[in-house]
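Structural features, examined
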Amino acid sequence: MAFGWIDEQARARRRAGLVRTLRPRPADTPLLDLASNDYLGLTRHPEVVEGATEAARTWGGGSTGSRLVTGTTALHTELERALAAFCGFEAALVFSSGYAANLAAVTALGPHGSLIVSDAGNHASLIDGCRLARGETQVVGHADPEAVRKALAAHAGAAIVVSDTVFSVDGDRAPLTALAEACREHGAGLVVDDAHGLGVLGDGGRGAPYAAGLAGAEDVVVTATLSKSLGSQGGVVLGPARVIDHLVNAARTFIFDTGLAPAAAGAALAALRLLERAPERAARAREVAAELYARLTAAGLDAVRPDAAVVSVRAPSPERAVRWAADCRTAGLAVGCFRPPSVPDGISRLRLTARADLSGAEIERAVRVIGETRP
């Protein structure tokens, strides 16, 4: 029977407690949201909504084609210039998603004969980029600059080092300065995904590379998503102009994909302008994360100290993690639930995302619910 093997895989997932299901959410919900990646609380901000609305009125519902045909509008160009200026890079290129941006950067900058050194904790989009690239990939230990240095020393040709800046599972930061030093010792490029750093880290939310003094460097390329701190959708690659020009000509997820919808571009641009006027939102997101961590650990929970806005709380098993998250939801709190294979260390956990617009009372409520429902 066609696809008969799917049934056995479904049974295996059920036995392991790893079944995933879609849960459509209503427009309005009484749940306290610590599950989304809306770090700055901008998704429903009136200025961001108006930015999307005005863009749709002006340009229509879709971009009508790939970026190289009809899918580039003046709005896309304005967004790219604004992102590059804000993050401190020479140029930027906007994609339909952060996933597409990562695939583009890794595949286009890791050609045949090159070496791609990838952190073991990298996001799936970076991993898939490594799998699709024609270069040789070597996976090294998590946040280990010495392992990176050894891998580069054993390769004589072109190379890039690929890493998240803030890892999505535990929210820990990559040692960017040390990674850049290792790259420069061997003439390698550094490609980092700042999905969880943009809007949270750096001066006014300019990102982890900016905070590490790497913004604008000729040997550094940064990817990011517009769907987290900027409350919209889409992705971006930032870097030297010659690298961006190369992506326009070589990145398949740019050349063959339909351009980002104007409404998403308008929303992202509005969110960026708002962040420029209210840089304290970035600091507030970090403060909320720190307070969540302090209260959770004081309550005896096994939480991981956050370096940005992600706070994880470890669970004893996948099944108990699922039950814990469900019990939180029943009690009015939405939290993320990360289980294998999404977690590289095999440890299941609740994943909480701090938001700049959370009040002290909401933080207290969240910690109380998590503590009362612990397995």
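Predicted model only: the values in this text are computed from it and were never measured.

1. What about the domain arrangement of the protein?
The domain architecture assigned to the protein consists of domain 1 (27-44 + 279-372) and domain 2 (46-277). Computed from C-alpha atoms alone, the centre-to-centre distance between domain 1 and domain 2 is 25 Å. Contacts between the two partners involve 25 residues from domain 1, matched on the other side by 27 residues from domain 2. Of the roughly 2,100 Å² buried between domain 1 and domain 2, counting both surfaces, carbon and sulfur atoms make up 60%. Ranking the residues of domain 1 by area buried against domain 2 places Leu42, Pro279 and Asp307 at the top, with a combined share of 26%. Linking domain 1 with domain 2 are two salt bridges, by the criterion used here. Close ionic contact of Arg314 with Asp170 constitutes a salt bridge, the shortest N to O distance being 3.2 Å.

2. Notes on unusual backbone geometry
Keep in mind that most residues, glycine aside, have a negative phi and that most peptide bonds are trans. Phi at Phe3 takes a positive value of approximately 60°, unusual for a residue other than glycine. Residue placement: Phe3 occurs in the segment before α1 (5-16). Under the relative-accessibility criterion, Phe3 is labelled exposed at 59%. A positive phi angle, near 80°, is found at Thr64, a position not held by glycine. Overall, the relative accessible area of 66% leaves Thr64 in the exposed class.

3. Things to note about the pattern of salt bridges
Counting across every chain of the model gives 19 salt bridges. The shortest N-O distance in the salt bridge between Arg284 and Glu287 comes to 3.7 Å. Of this pair, Arg284 and Glu287 both sit in helix α12 (residues 280-298), three residues apart, which is roughly one turn of the helix. Judged by its relative accessible area of 24%, Arg284 falls in the partly exposed class. With a relative accessible area of 45%, Glu287 lands in the partly exposed category. Glu291 is the partner of Arg295 in a salt bridge, and the nearest nitrogen-oxygen pair spans 3.1 Å. Here Arg295 pairs with Glu291, and both are found in helix α12, just four residues apart, close to one helical turn. With relative accessibility at 34%, the residue Arg295 sits in the partly exposed group. Residue class for Glu291 comes out partly exposed when judged on its relative accessible area of 26%.

Thresholds applied
- Residues numbered from 1 in each chain as written.
- Predicted model: local features only at pLDDT ≥ 70, side-chain atom pairs only at ≥ 80, totals over all residues.
- Heavy atoms only, no water.
- Domains from an automatic or database assignment.
- Contact = heavy atoms within 4.5 Å.
- Buried area = accessible area lost by both parts, 1.4 Å probe.
- Salt bridge = Lys/Arg side-chain N within 4 Å of Asp/Glu carboxyl O.
- Helix = DSSP H or I, 4+ residues; strand = E, 2+ residues; numbered from the N terminus.
- Buried < 20%, exposed > 50% of the residue type's maximum accessible area, 1.4 Å probe, protein only.

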